Amino acid sequence: MTTERAVLAGGCFWGMQDLIRKLPGVSGTRVGYTGGDVPNATYRNHGTHAEAIEIIFDPSRITYRDLLEFFFQIHDPTTVNRQGNDRGMSYRSAIYYVNSAQKQMAEDTIADVNASGIWPGKVVTEVEPVGDFWEAEPEHQDYLERIPNGYTCHFPRPDWVLPKRDAAE
């Protein structure tokens with residue numbers, strides 16, 4: 001099995017991990033901090049890093065585009081530094097691409113989301129090259145599996161789905 005890596009930030013990492021890990025083709029996830037200025041980031045000291053999720057997936061079972069479309073469905077990419085009750089740079093929306101193909105797909109998906117008119121505003125998601133990913137502490141990994149009624153602001157929004165594309169696209 002060939003795998004690829006995706007790194008996404010969309011607010012509190014607990015809810016993103018809980019939903020994304022269940023997608024067919026996703027073989028692994030871990031939460032952590034990325035996109036900021038503090039080496040060896042921790043929950044108590046992560047500077048300008050975003051709470052993010054690293055995803056290992058099988059592209060023959062789920063495409064990067066499909067991951068991005070789900071990402072845009074489970075968080076609000078139109079709010080700056082905010083998801084639900086969580087506010088601050090840690091909770092920004094960002095895509096950290098690992099190669100030029102991911103960068104192009106991120107830009108194309110954002111353009112399609114904006115053009116759709118479905119979301120409540122224009123996408124503010126940052127698109128940046130992936131950098132260091134500092135794994136979060138054990139108590140943050142798999143949080144909602146261990147604490148099923150724990151806090152989350154992530155949920156699928158059935159109205160925030162892009163129209164299906166032709167296979168040729």
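Residues numbered from 1 in each chain as written. Predicted model: local features only at pLDDT ≥ 70, side-chain atom pairs only at ≥ 80, totals over all residues. Heavy atoms only, no water.

Participant: Is there a simple way to think about the side chain of Arg157 in this case?
Facilitator: As for its placement among the helices and strands, Arg157 is situated in the segment after α4 (143-146). This buried residue, Arg157, is left without a salt bridge; Asp76 holds the nearest opposite charge, at 5.9 Å. Ignoring any residue separated from it by four or fewer positions in sequence, one finds Arg157 in contact with Gln73, Ile74, His75 and Asp76. (Helix = DSSP H or I, 4+ residues; strand = E, 2+ residues; numbered from the N terminus. Buried < 20%, exposed > 50% of the residue type's maximum accessible area, 1.4 Å probe, protein only. Lys, Arg positive; Asp, Glu negative; His and termini not counted. Salt bridge = Lys/Arg side-chain N within 4 Å of Asp/Glu carboxyl O. Contact = heavy atoms within 4.5 Å.)

Participant: Hey, could you run me through the nonpolar core in this one?
Facilitator: A general trend in soluble globular proteins is that nonpolar side chains are found buried together. In this structure, Leu8, Ile20, Ile55, Phe57, Leu67, Phe72 and Ile95 are the most contacted members of the largest nonpolar core, which totals 26 residues. Mapped onto this core, the elements with two or more residues apiece are β1 (4-10), α1 (13-20), β3 (50-57), α2 (64-74) and α3 (100-116). The biggest single contributor to this core is α2, with 7 residues. Counting residues in each nonpolar core, the second largest holds 10 residues, with Cys12, Val31, Tyr33 and Trp134 among its members. (Core = buried A, V, L, I, M, F, W, Y, C linked by side-chain atoms within 4.5 Å.)

Participant: Help me understand the UniProt feature "domain: Peptide methionine sulphoxide reductase MsrA" (unreviewed entry) in the protein chain in this model?
Facilitator: In the numbering used here, UniProt assigns the "domain: Peptide methionine sulphoxide reductase MsrA" (unreviewed entry) feature to residues 6-153. Annotated as 27% helix and 26% strand, the span residues 6-153 places its first and last C-alpha atoms 21 Å apart. (UniProt positions renumbered as here; feature names shortened; annotations may be inferred.)

Participant: Honestly, the UniProt feature "active site" (unreviewed entry) in the protein chain in this entry has me stumped. Any pointers?
Facilitator: Taken from the UniProt record, the annotation "active site" (unreviewed entry) applies to Cys12. Residue placement: Cys12 occurs in the loop between β1 and α1. Apart from the residues within four sequence positions on either side, Cys12 is in contact with Glu51, Asp86, Tyr91 and His154.

Participant: What is the right way to look at the packing of α2 against α3 in this model?
Facilitator: Geometrically, a packed helix pair is captured by the angle between its two axes and the distance between the axes. Their axes nearest at 10 Å, the elements α2 and α3 cross at an angle of 45°. Overall, the two elements α2 and α3 adopt an arrangement that is oblique. As α2 packs across α3, the resulting crossing turns out to be right-handed. Residue-level contacts link Tyr64, Arg65, Leu68, Glu69 and Phe72 of α2 to Gln102, Met105, Ala106, Asp108, Thr109, Ile110, Asp112 and Val113 of α3. (Axes fitted to C-alpha atoms, helices over the stretch in contact; angles between N-to-C directions. Parallel < 35°, antiparallel > 145°, perpendicular 65-115°, else oblique. Left-handed = near helix turned anticlockwise from the far one by under 90°.)

Participant: I would appreciate a short explanation of α2 in the present structure.
Facilitator: Think of an α-helix as 3.6 residues a turn; residues three or four steps apart then line up on the same face. α2 sits mainly inside the fold: 10 of its 11 residues count as buried. Turning to α2, its buried residues are Tyr64, Arg65, Leu67, Leu68, Glu69, Phe70, Phe71, Phe72, Gln73 and Ile74. Among the structural elements, β1, α1, β2 (26-34), β3, β6 (93-97) and α3 are those in contact with the buried residues of α2.

Participant: Looking at this model, I keep getting lost on the state of the cysteines. Mind explaining?
Facilitator: As used in these notes, a disulfide is a covalent bond between sulfur atoms, one from each of two cysteines. Tallying each qualifying case throughout the model produces 0 disulfides. We note that Cys12 lacks a disulfide partner, and the nearest cysteine sulfur, in Cys153, lies 6.1 Å from it. (Disulfide = S-S within 2.5 Å.)

Participant: I keep staring at α1 and nothing clicks. Help me out?
Facilitator: In terms of burial, α1 is largely enclosed, as 8 of its 8 residues are buried. Every buried residue of α1 is listed here: Phe13, Trp14, Gly15, Met16, Gln17, Asp18, Leu19 and Ile20. Against β1, β2, β3, α2 and α4 lie the buried residues of α1.

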